Amino acid sequence: MSCSASTAHSPQPTQPAQAETAFCKIVGGLISPLLSNLVLDDLDKELTRRGHRFCRYADDCNIYVRSHRAGERVMASVSRFLTTKLRLKVNETKSAVARPEERKFLGFSISNDGGERRIAPKALDTFKTRIREQTCRTRGLSLTQIIEELTPYLIGWRGYFGFCQTPRVLTNLEAWTRRRLRSYLWRQWGNGRNRFKELRRRGVSQFRAAVAAGSPTGFWRMSGHPAVQSALRNHHFDSLGLPRLYVPIPA
């Protein structure tokens, strides 16, 4: 279980969360990032003195305990410490006792056994919303221009969330992003005649190109069509400079 608390904004590494079963989240009022580290240094010392495993970044603090009952007890005592000793206001609406995987911390969540660091669902939704906006099929930009716009965001996102321990999630997002780009290009090719020409130019057989170009299927479904995928393979996007989200670390 995990208990999480918040009151400012700057990293403060402490004991890492290990395989626990409960989580308590305590969120405080707004303080400046600088003051959060100054004021909450006393909280770090108190939690260390009590022997809790916890992580804090600015005013966001997660405390890991072994049961829901322990989480409730720690939540009450830490809230009391924050209000009476440090004179800080705890945001009750954002504070909670829950399993680690049910809460997010800096865009990540942790599996209940503490063995896996995952990207939080809200962070994944934010990523997809941003990609949808930049690959909107009515923008009228070339594929190269779209990729140039995506590149800084993808590199920055990879630099932060590449720290996760779920590579399948990253490769799935890569595939989804490429499919968005195939859908964008399929619409841009316009009509059946032009689509046929573009598919043939990219090595698709005459029969498969004719079937795909004459299909009344919508843009998104066509982006997964074998002929379209064959014409716009992964290495095509690599050659245009589309960054990969999953970069294996050499052994």
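Everything here concerns the structure above.
Below you will find a few notes about this structure.

## What about the overall build of the chain?
Item 1. If you tally the helices and strands in the chain, you get ten helices and eight strands.
Item 2. Counting over 251 residues, the chain shows a buried share of 43%.

## Quick word on the pairing of strand S4 (residues 53-57)
Two faces make up the sheet, and in a regular strand the side chains alternate between them.
Item 1. Only one face of S4 is covered, namely the face carrying Phe-54 and Arg-56; the face carrying Arg-53, Cys-55 and Tyr-57 is uncovered.
Item 2. As defined by bridge partners, S4 adjoins strand S5 (residues 60-65) across five bridges and the pair is classed as antiparallel. By the bridge assignment for S5, Tyr-57 is matched with Asp-60.

## Regarding a nonpolar patch on the surface
Item 1. There is a patch of nonpolar side chains on the surface, built from Leu-34, Leu-35 and Leu-38 and spanning about 320 Å² of accessible area.
Item 2. As for its placement among the helices and strands, Leu-38 is situated in helix H1 (residues 33-50).
Item 3. By relative accessible area, which is 56% here, Leu-38 ends up exposed.

## Observations regarding the pairing of S5
Item 1. Most of S5 sits inside the fold, with six of its six residues counted as buried.
Item 2. In S5, alternate side chains face the same way, and those of Asp-60, Asn-62 and Tyr-64 on one face and Cys-61, Ile-63 and Val-65 on the other are all buried.
Item 3. Where S4 folds back on S5, the antiparallel hairpin that results is connected by two residues, among which Ala-58 adopts a positive phi of roughly 55°.

## Brief notes about the packing of aromatic side chains
Item 1. For the structure shown, the criterion picks out eight aromatic pairs.
Item 2. For the ring pair Phe-108 and Phe-161, a centre distance of 5.3 Å and an interplane angle of 45° mean the geometry is tilted. Highlighted residues: Phe-108 in strand S7 (residues 108-110) and Phe-161 in helix H4 (residues 143-161), separated in sequence by 53 residues.
Item 3. For Phe-108, a relative accessible area of 10% translates into the label buried.
Item 4. On the numbers, 6.0 Å between centres and 90° between planes, the contact of Phe-108 with Phe-163 is edge-to-face.

About the criteria used
Residues numbered from 1 in each chain as written. Predicted model: local features only at pLDDT ≥ 70, side-chain atom pairs only at ≥ 80, totals over all residues. Heavy atoms only, no water. Helix = DSSP H or I, 4+ residues; strand = E, 2+ residues; numbered from the N terminus. Buried < 20%, exposed > 50% of the residue type's maximum accessible area, 1.4 Å probe, protein only. Pairing = 2+ DSSP bridges. Patch = residues over 30% accessible without salt bridge, like charges linked within 9 Å, V, L, I, M, F, W, Y side chains within 5 Å. Areas by Shrake-Rupley, 256 points an atom, 1.4 Å probe, with all protein chains shown as cover. Salt bridge = Lys/Arg side-chain N within 4 Å of Asp/Glu carboxyl O. Phe/Tyr/Trp six-rings, centres within 6.5 Å; stacked < 30°, edge-to-face > 60°.

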